[in-house]
Number of protein chains: 4
Amino acid sequence: MIDNHIHHGNALGFDLRRITWKRVMDMNDRALRDNVIGLGGPGNGMPRESGFDIVVASEIMAILCLATSLADLKERLARIVVGETADRKPITCAQLRAQGAMAALLKDAISPNLVQTLENNPAFVHGGPFANIAHGCNTAIATRAALKLADYVVTEAGFGADLGAEKFIDIKCRKTGLRPSAAVLVATARALKYHGGMAVADVSKEDVAALERGLPNLERHLRNVQEVYGLPCVVAINHRSHDTPAEIDLLTKRVEALGAKAVVARHWAHGGAGAEELAREVVAACATPNRFQFVYEESLPLWQKVEAIATKVYGAAGVTAAPAAKERIERLQAEGYGHFPVCIAKTQMSFSTNAALRGAPSGHTLDIREVRLAAGAEFVVMVCGDIMTMPGLPKVPAAELIDIDAQGRISGLS
Amino acid sequence: MIDNHIHHGNALGFDLRRITWKRVMDMNDRALRDNVIGLGGPGNGMPRESGFDIVVASEIMAILCLATSLADLKERLARIVVGETADRKPITCAQLRAQGAMAALLKDAISPNLVQTLENNPAFVHGGPFANIAHGCNTAIATRAALKLADYVVTEAGFGADLGAEKFIDIKCRKTGLRPSAAVLVATARALKYHGGMAVADVSKEDVAALERGLPNLERHLRNVQEVYGLPCVVAINHRSHDTPAEIDLLTKRVEALGAKAVVARHWAHGGAGAEELAREVVAACATPNRFQFVYEESLPLWQKVEAIATKVYGAAGVTAAPAAKERIERLQAEGYGHFPVCIAKTQMSFSTNAALRGAPSGHTLDIREVRLAAGAEFVVMVCGDIMTMPGLPKVPAAELIDIDAQGRISGLS
Amino acid sequence: MIDNHIHHGNALGFDLRRITWKRVMDMNDRALRDNVIGLGGPGNGMPRESGFDIVVASEIMAILCLATSLADLKERLARIVVGETADRKPITCAQLRAQGAMAALLKDAISPNLVQTLENNPAFVHGGPFANIAHGCNTAIATRAALKLADYVVTEAGFGADLGAEKFIDIKCRKTGLRPSAAVLVATARALKYHGGMAVADVSKEDVAALERGLPNLERHLRNVQEVYGLPCVVAINHRSHDTPAEIDLLTKRVEALGAKAVVARHWAHGGAGAEELAREVVAACATPNRFQFVYEESLPLWQKVEAIATKVYGAAGVTAAPAAKERIERLQAEGYGHFPVCIAKTQMSFSTNAALRGAPSGHTLDIREVRLAAGAEFVVMVCGDIMTMPGLPKVPAAELIDIDAQGRISGLS
Amino acid sequence: MIDNHIHHGNALGFDLRRITWKRVMDMNDRALRDNVIGLGGPGNGMPRESGFDIVVASEIMAILCLATSLADLKERLARIVVGETADRKPITCAQLRAQGAMAALLKDAISPNLVQTLENNPAFVHGGPFANIAHGCNTAIATRAALKLADYVVTEAGFGADLGAEKFIDIKCRKTGLRPSAAVLVATARALKYHGGMAVADVSKEDVAALERGLPNLERHLRNVQEVYGLPCVVAINHRSHDTPAEIDLLTKRVEALGAKAVVARHWAHGGAGAEELAREVVAACATPNRFQFVYEESLPLWQKVEAIATKVYGAAGVTAAPAAKERIERLQAEGYGHFPVCIAKTQMSFSTNAALRGAPSGHTLDIREVRLAAGAEFVVMVCGDIMTMPGLPKVPAAELIDIDAQGRISGLS
């Protein structure tokens, strides 16, 4: 609708170089990341630089997950800023009259879909904003529906507790009024051995020393949950067949030294029974005192919100920004978006923006490369480091291995 | 998979300027017709010119409609030529190892889906290649399934009988061995008044003189069916409420003067009962002698195939081609594709390539602008005149009118 | 100035897709033919499709050659149409206020520069519009200056007499009032043997039969000069060392059979003395009756002007045009440019637009691919066939062979 | 030659996304900064992202200025790295066989051109690499020629003494063996009042307080020359008619307090006589002890060279770099370019990379945005902050004011 509007005279005055909205397509198609569209002459729209993202990177996915009703969804869609005029005035979906059709398309998508586990336990799988680029939580509607249906609701906040948990608290909880009773921090021996310096290819081998070197990573996450977010925390040691007793023992002891309960969870192998102890500990944790708090107050300026997360959660020494990013933050602050939460887009591989910095790095700088306003989702995305919003395929894509025979039997789906 | 293959070293040696395969997306998005992709640096693939088509313009749609089995589908997909090397050797889907995954994706799509009319009559709606750019007929599998299930099967060949019918005969019938018993030519008074010179806005008004002036259009179609395709033909006058007795009378008489039966069909108003007389006439026509023939023989060179259609069906004086198109035809002939049928892509608004030439023009020239090999569909597309394979939206797109209220009631779907 | 104007707000309302003015650079740089400029964000202008031509293909070169004074030059520059608004109104250099600076830059270029031959004869070398894309004659100012200085002035009109001579007469003579007294048609045995079917590599070998087969080419040029342009004509046989007496004899006889004088010119070998006989014959021709006429009258519509040249000069059966080209011609006619001469851009290798059609082809069609208004040069360019306005380098460019040693001696300039 | 080589088969294996060489054109043409070239099909080269710079930003200009002979020039041209293969091997001009033709084109340009002042004093004006992007000094050949011809040679090093002087010393002196006897630091009251916070529009007004606030800028430059570069220094107060005695007095006193001589130079008003006192002081300074030193040693790694300049000259706290820039520095170090001097490209408006930071800022960070190898000029350019290598025109370009009348009189050249 944007390019069509421009083609038919651009009555809203889009500056073709300041359109921030991208098309989405759910393909791993790196060649679509950056392109020039509208070529080929007067009949084909106006030439401009644009690109494609995958669906989960779209603000619409974040909106769907934060909307509390169909009406709220439509209002949020209407507020999406898709570009600017030459004199830097924002242009919204409402000005394009697009929100009605968009909401109509999402009519069914907004209803939470109930699925069941192999043991017939109900679960909602609903909404998928990536936790590196967006806020990484399922829909508020599903969470609320679950709270009506069950005594205890467990919800996932994607990637590390520096990303998903922080955004769950500062964005989803703040916006919806939801308050967690406790947190479950999932740990694996292999990930911690990786953080202790092992190569990915080796992490199945026992290496207690590497595990020990990697433990500061878990410890920081645990401290963040307990002290920064103020929540009772149970550490679930997601058990793998390669884990050795020495490793599990070390893990357990170190967690308990920090005043939290560590439980070995074996649901991968044993189903519900394997998580029973974990469940009991979580129930117990929910009964303990709760000092829930946000990482920052809504009233803090955007820049200081980023500083709060960077220093309190990531262990960074400070925050820097490219000049254009800094100028954009100042402009957003001046334009009245200062009360929005910030949504930090960074790698999930490290507390820092450098994926190679393992463990619990300190003294690093969080450098803001780019700033994106999500006026409908009601947060400001701070892109730190290189974040892909459109993946690419590997040298031998899975498609090469997939086949079907004359009887319709598909093979090669790994 | 093409751009991914190139990004990872281009082992097949694609000449980036000779990739003919486009992405498809079912949006009316003119800004995607011509673009430059792969921009933004070494991580984002290789820069090249490309574009998007809509799904029905893809060779895959034509293949799906001509395939006789899942195995045949996969073989045809494997033979698609997606580009060329620098020394002009074709590169196929098989070389990309893509046909297995493609066929697996189409596993369910290839099965004909049976729907029913409001009167509970069964019908297959299966496959949708556009008759201006592709061959315009439903799937061979659906047609064959229908022939197993019913005594009489009626199938549609899209757009005018110069497009759909010709391709039904020369492509679908030739390739599948199917042979029609009779043809139904659908006519409306309004279309013929348009061909007689009336403005589109006026065609609901009675104008016997305009109808008379437009009748040569119908007469040429009728003669084509009877003499060029050699089929018994019933003309179905698709009745509209605005049609007047004088118009219907003229239409009927002129058709019968050409030795065919004209039947007023009122199924739009009366359902099945409205088409009963038509059905009886079609059954009768099926019993009459049938001199079915192709417009051209398979062995004719590609150029002469186009000439045969242009002169016998379109009333053209001859065929011309842009130098590059001519050279391409000669190269395809030399490379062994000379036995393929040709699939002419032209406007449905005229027997000529000029949409403004109404009635039954003569002496015009069919100018081939571009030639596309459909090695999987097994025909050579001759693009004549300007044919859009990606539509655009109007100034006020329907989306602006669509809305949904808080109760989920959608409005504005016209 | 165009892109700068657009960057600063586009007050004139350029439609970015309808800018016809290109940058020029005198490099053989095919990669600059078609490009997308203005990329990289808001500071870098507006994205749009554009391209580079070489200098001699610019309308400015044609203007320089047709201008009669500095004031006329500036007025013509002011009238150049560089693009259109979205509602198809032309935008001129005058609206950009560019003509003053352009004329100031050309202040010295407009003065004819007098050079001398090795025998110290004066000559003007001034102006260089290519005869395939532009009108192919030197400046009107130089020709007039020469007429003030000498009794006889010889001027070149580039490429074959179907291109340069026709444009000299219909564009340069018409616009300036200059009238030639006679024409010299330059012929070589090797070119005529090529037109008789010999390969380029072989044309140095004697082949009287090939020469005979190629003579219709010369005969048509001669007839055009005598009958269509109405001028006394001397044929100068530009002698090459490989030419044999039998070839020269045949050439001479056939020319004289057509009522013209053929003179062997040996100035390449003998300097001025080698052209003395030719000079005497030209002087004699100037004294014979002169029925000079234009190929078409100014008042004829543009389309019929092209038809006149095509049928009278090129031996074509008729003229066709791509729909967009036809529409453009009609629009230019309606906008008041119908009185302009036409300047046909076509290959110099053939009377037709197909470089491979040698000799004197008949019955071919002149197909207009593209139409360009040269409002300052005061003609309408009809681009027929593929005409390059920016050359490319060969596989081994001359630059690879050029070198310079430590003493500054350059080598490799062939 | 690069695009031509690629078009003809790319035997050298250029990765089209890793070509670093740009075309140059001496126009203020922002729309050419970033473009996509090679569009329009197989005949027009290969599509790729590229751009234009102005001539003074080209490595060739830097090479011309550092070359010591024609042979050295050609060798340096041969070593220019123009791009990389897919496996990151550098490709040089020598591999393209371009250096001979390039050197031949520069044959005359390399000879210093002697001009004279209005008082007939000889001067060389030869070479023009910008001091923000390149090393900002005239040619080594001209400087050496001058040293043969005169007792004292004064040469300019462009922009502030943090840019031109540092590069004169660390690049030009290091590479050529030239050693200055003394430095002249040019100061104006207006520039220092600007550094003291005045608006540009106001700097002609007397404001001793602003001058006092701005003096730390001059003091740092002076200290850099004296202590970091180790040179006797004379401060030339470039007198303007608006300067007041109070301002000149303050300036003089503060310079002398730092142990240097300040001389008011009035050559703008009085010609040579106005600079006589300055000249005498410079002669005297040349006789004083000289502790000339480089800012860093050749053997220091590239990163530490930047740190040395940043901390010693710019007053920065440290150096940061975008990940890609950091990786490139490491790669260049590993590839054997570690012994090259660094050439910092930054704004001339501030000691920092932020043009708005006036005076003598401390504690700022030098952030390296991009790294460019100049293998022929023999330095590594560290692009810090936003540096334009292709300017743009203002809203009303000078061209709009330029005109010429019928008599050839040009007006509007301001």
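Note on numbering: residues in each chain are counted from 1, in written sequence order. The lettering of chains begins at A and the numbering of ligands begins at 1, in the order of writing. Totals for whole chains, interfaces and linings use all residues, but because this is a predicted model, local features are given only for residues with pLDDT of at least 70 and pairs of side-chain atoms are given and counted only at 80 or more. Side-chain descriptors were evaluated using all non-hydrogen atoms of the structure, hydrogens and water having been removed beforehand.

**Considering the overall build of chain A**
Heads up, the condition is: Only DSSP runs of H or I with at least four residues qualify as helices, and only runs of E with at least two residues qualify as strands; both kinds are numbered from the N terminus onward. C-alpha atoms define the radius of gyration, and 2.2 Å times the number of residues to the power 0.38 defines the globule rule. Exposure classes here rest on a 1.4 Å probe applied to the protein chains alone. A residue is buried below 20% of its type maximum, exposed above 50%, and partly exposed in between. Pairs of residues are marked as contacts when any of their non-hydrogen atoms sit within 4.5 Å. Only the protein chains shown count as cover for residues, and all accessible areas are computed by the Shrake-Rupley method using a 1.4 Å probe.
Secondary structure summary: chain A contains 14 helices and 18 strands in total. Since a compact globule built from 414 residues should have a radius of gyration of about 22 Å, the 23 Å found for chain A is in line with a globular shape. For chain A, the C-alpha atoms occupy an extent of roughly 70 × 65 × 45 Å along the three principal directions. Counting over 414 residues, chain A shows a buried share of 54%. Counted over contacts in chain A with a minimum sequence separation of 6, partners at least 24 positions apart contribute 67%. Summed over its atoms, the accessible surface of chain A is roughly 17,800 Å², and 55% of this surface lies on carbon and sulfur atoms.

**Quick notes on the state of the cysteines**
Disulfides are covalent bonds that connect the sulfur atoms of two cysteines. Basically, it comes down to this: Criterion for a disulfide: a pair of cysteine sulfur atoms at a distance within 2.5 Å.
Per the stated rule, a full pass over the model turns up zero disulfides over all chains. Cysteine C384(C) remains unbridged, with the sulfur of C343(C) as its closest cysteine sulfur at 10 Å. Cysteine C343(D) shares no disulfide, and the gap to the nearest cysteine sulfur, in C137(D), comes to 9.2 Å.

**Observations concerning the side chain of D170(B)**
Here is the rule: Two N or O atoms count as a polar contact when they lie within 3.5 Å, although within protein this holds only if one can serve as hydrogen donor and the other as acceptor, and sequence-adjacent residues are included solely when both atoms are side-chain atoms.
Assignment of secondary structure puts D170(B) in helix 7 (residues 161–176). In terms of polar contacts, D170(B) uses its side chain to reach the backbone amide nitrogen of V295(B), at 3.0 Å.

**Focus on the relation of the copies chain D and chain B**
The following threshold applies: Our superposition of the copies is a least-squares fit, built on the C-alpha atoms of residues whose pLDDT is at least 70 in both.
Mapping chain D onto chain B calls for a screw motion: a turn of 180° about the axis and a shift of 0.1 Å along it, with 0.0 Å RMSD after fitting. The transformation just described matches what one would write down for a two-fold rotation axis. Taking the C-alpha atom as reference, chain D places P47(D) closest to the rotation axis, 2.9 Å from it. An overlap of 100% is found between the interface residues of chain D and their copies at the interface of chain B, pointing to a shared contact surface.

**Quick word on helix 10 (residues 245–257) of chain D**
Residue and element names in this part refer to chain D. Going by this rule: Helix span is expected to be 1.5 Å times the residue number reduced by one.
Its 13 residues give helix 10 an end-to-end C-alpha distance of 18 Å, which sits within 8% of 18 Å, the value for a rise of 1.5 Å per residue. Inspection of helix 10 places E247, I248, L250, L251, T252 and V255 among the buried residues, and these make up the whole buried set. Once helix 10 finishes, G259 follows within two positions and takes phi at roughly 80°, a positive value.

**Re the interface of chain D and chain B**
To keep things clear, this is the line we draw: Defined in terms of a 1.4 Å probe, buried area is the accessible area two parts forfeit on being brought together, summed over both. All residues other than Ala, Val, Leu, Ile, Met, Phe, Trp, Tyr, Cys, Pro, Asp, Glu, Lys and Arg, Gly among them, are scored as polar; the first ten of these are nonpolar and the last four charged.
With 15 residues of chain D at the contact, the number on the chain B side is 15 residues. Both faces considered, chain D and chain B share a buried interface measuring about 1,300 Å² in area, 64% of it formed by carbon and sulfur atoms. For the chain D face of the interface with chain B, the top three residues by lost area are R17(D), P42(D) and E49(D), together amounting to 48%. Where the side of chain D that touches chain B is concerned, the elements lending two or more residues are strand 1 (14–19) and strand 4 (48–50) of chain D. For the side of chain D that touches chain B, the element with the highest residue contribution is strand 1 of chain D, accounting for four residues. In the side of chain D that touches chain B, the residues fall into six nonpolar, four polar and five charged.

**What to know about a negative patch on the surface**
As a reminder of what qualifies: Each patch is built from salt-bridge-free residues with over 30% relative accessible area, joining like charges within 9 Å and nonpolar side chains (Val, Leu, Ile, Met, Phe, Trp, Tyr) within 5 Å. Salt bridges are defined by distance alone: a side-chain nitrogen of Lys or Arg within 4 Å of a carboxyl oxygen of Asp or Glu. Note that His is not counted, nor are the chain ends; the positive residues are Lys and Arg, and the negative ones are Asp and Glu. For charged residues, the charge sits on one atom: NZ in Lys, CZ in Arg, CG in Asp, CD in Glu.
Among the surface-exposed residues, D34(A), E49(A), D34(D) and E49(D) lie close enough to one another that they form a single negatively charged patch. Counting through the fold element by element, D34(A) comes out in the loop between strand 2 (23–24) and strand 3 (35–37).

**Looking at the interface of chain C and chain D**
Taken together, the contact pairs 47 residues of chain C with 47 residues of chain D. The interface formed by chain C and chain D holds six salt bridges in total. R97(D) is the partner of E400(C) in a salt bridge, and the nearest nitrogen-oxygen pair spans 3.6 Å. Between chain C and chain D we count 29 residue pairs in polar contact (both at pLDDT 80 or more) in total. Elements represented by at least two residues in the side of chain C that touches chain D include exactly helix 1 (2–7), strand 3 (35–37), helix 3 (70–79), helix 5 (99–105) and strand 17 (403–404) of chain C. Here the element with the most residues in the side of chain C that touches chain D is helix 5 of chain C; it accounts for four residues.

**What about the pattern of salt bridges?**
Residue and element names in this part refer to chain B. Under the defined criterion, the tally for this structure stands at 109 salt bridges over all chains. Note that K22 is salt-bridged to D53, the shortest N-O span being 3.7 Å. Of this pair, K22 sits in the loop between strand 1 (14–19) and strand 2 (23–24) while D53 is found in strand 5 (residues 52–53), placing the two residues 31 residues apart along the sequence. With relative accessibility at 28%, the residue K22 sits in the partly exposed group. Take D53: its relative accessible area is 8%, and that puts it in the buried class. One salt bridge in this structure joins R88 and E84, with 2.7 Å as the shortest N-O distance.

**Regarding the environment of E307(B)**
Here E307(B) lies in helix 13 (residues 302–313). Each C-alpha atom of the pair E307(B) and A360(B) lies 18 Å from the other, and the pair is 53 residues apart in sequence.

**Observations concerning the environment of T92(C)**
Residues and elements named next belong to chain C. Along the chain, T92 turns up in strand 7 (residues 90–92). For T92, a relative accessible area of 16% translates into the label buried. Spatially, the C-alpha atom of T92 lies 9.9 Å from that of L12, the residues being 80 residues apart in sequence.

**Quick word on the sheet that holds strand 7 (residues 90–92) of chain B**
Residue and element names in this part refer to chain B. The criterion, for reference: For two strands to count as paired, DSSP must find a minimum of two bridges between them. Note on geometry: axes are lines fitted to C-alpha atoms, helical ones only across the stretch in contact, with angles between N-to-C directions running from 0 to 180 degrees.
Spatial strand order, 1-6-7: three strands in an open sheet with antiparallel pairing. The open sheet terminates on both sides in strands that have one partner only, identified here as strand 1 and strand 7. Along the sheet, successive strands turn relative to each other by an average axial angle of 50°, direction set aside. Taken together, the two bridges between strand 1 and strand 6 (residues 81–85) define a ladder with antiparallel strand orientation. Within strand 6, the position partnered with F14 by the bridge is T85.

**Observations regarding the relation of the copies chain C and chain D**
Between chain C and chain D, which share one sequence, the superposing operator has a rotation angle of 180° and an axial displacement of 0.1 Å; the RMSD is 0.1 Å. Here 100% of the contact residues of chain C are again contact residues in chain D; the copies associate through an equivalent surface.

**Considerations on the pairing of strand 6 (residues 81–85) of chain C**
Residues and elements named next belong to chain C. Among the five residues that make up strand 6, five are buried, leaving the element largely enclosed by the rest of the structure. Direction of pairing for strand 6 relative to strand 7: antiparallel, over a ladder of three bridges. What sits directly across from V81, in strand 7, is T92. What sits between the antiparallel neighbours strand 6 and strand 7 is a turn of four residues, in which R88 has the positive phi angle 65°.

**Observations regarding the arrangement of the chains**
Contact between chain B and chain C is absent, and the least distance between their C-alpha atoms amounts to 8 Å. Between chain A and chain D there is no contact; the minimum C-alpha to C-alpha separation amounts to 8 Å.

**Digging into the sheet that holds strand 7 (residues 90–92) of chain D**
Across a sheet, strands are paired by hydrogen bonds formed along the backbone, either parallel or antiparallel in direction. Residues and elements named next belong to chain D. Strand order in the open sheet formed by three strands is 1-6-7, with antiparallel pairing between adjacent strands. At either margin of the open sheet sits one strand with a lone partner, and together these are strand 1 and strand 7. If you compare each strand with its neighbour and ignore which way they point, the axes differ by 50° on average.

**A closer look at unusual backbone geometry**
Of note, R88(A) is a non-glycine position whose phi angle comes to about 65°, a positive value. Summarising the element assignment, R88(A) is placed in the loop between strand 6 (81–85) and strand 7 (90–92). Among the residues examined, R88(A) registers a relative accessible area of 25% and is labelled partly exposed. Positive phi is not limited to glycine here, since E378(D) has a value of about 70°.

**With respect to the packing of aromatic side chains**
This is how it is decided: Pairing of aromatic side chains here covers Phe, Tyr and the six-membered ring of Trp, requires ring centres within 6.5 Å, and sorts the geometry by plane angle: under 30 degrees stacked, over 60 edge-to-face, intermediate tilted. Placement of a positive charge over a ring is assigned whenever Lys NZ or Arg CZ falls within 6 Å of the ring centre and within 35 degrees of the normal to the ring plane.
What the rule picks out here adds up to 14 aromatic pairs over all chains. With a centroid separation of 6.5 Å and 80° between ring planes, the pair formed by F130(B) and F159(B) is classed as edge-to-face. With F130(B) in the loop between strand 9 (122–124) and helix 6 (140–149) and F159(B) in the loop between helix 6 and helix 7, the pair connects residues that are 29 residues apart, well separated along the chain. Above the face of the F351(A) ring, R220(A) is positioned so that its terminal group lies 4.8 Å from the ring centre. Here R358(B) stacks its cationic end above the ring of Y194(B), 3.8 Å away from the centre of that ring.

**Observations concerning the confidence of the model for chain A**
Note the cut-off: A residue's pLDDT is the confidence the predictor assigns to it, expressed on a 0 to 100 scale.
Here chain A averages 95 in pLDDT, while 100% of its residues score no lower than 70. Overall fold confidence (pTM) sits at 0.92, and the ipTM for the predicted complex is 0.90.

**Overview of helix 2 (residues 59–66) of chain D**
Residue and element names in this part refer to chain D. Among the eight residues in helix 2, seven count as buried, and that is most of the element. Considered for burial, the residues of helix 2 that qualify are E59, M61, A62, I63, L64, C65 and L66. Those residues of helix 2 hidden inside the fold are in contact with helix 3 (70–79), helix 6 (140–149), helix 7 (161–176), strand 15 (365–374) and strand 16 (379–384). In this structure S58 caps helix 2, since a side-chain oxygen of it lies 3.1 Å from the backbone nitrogen of I60.

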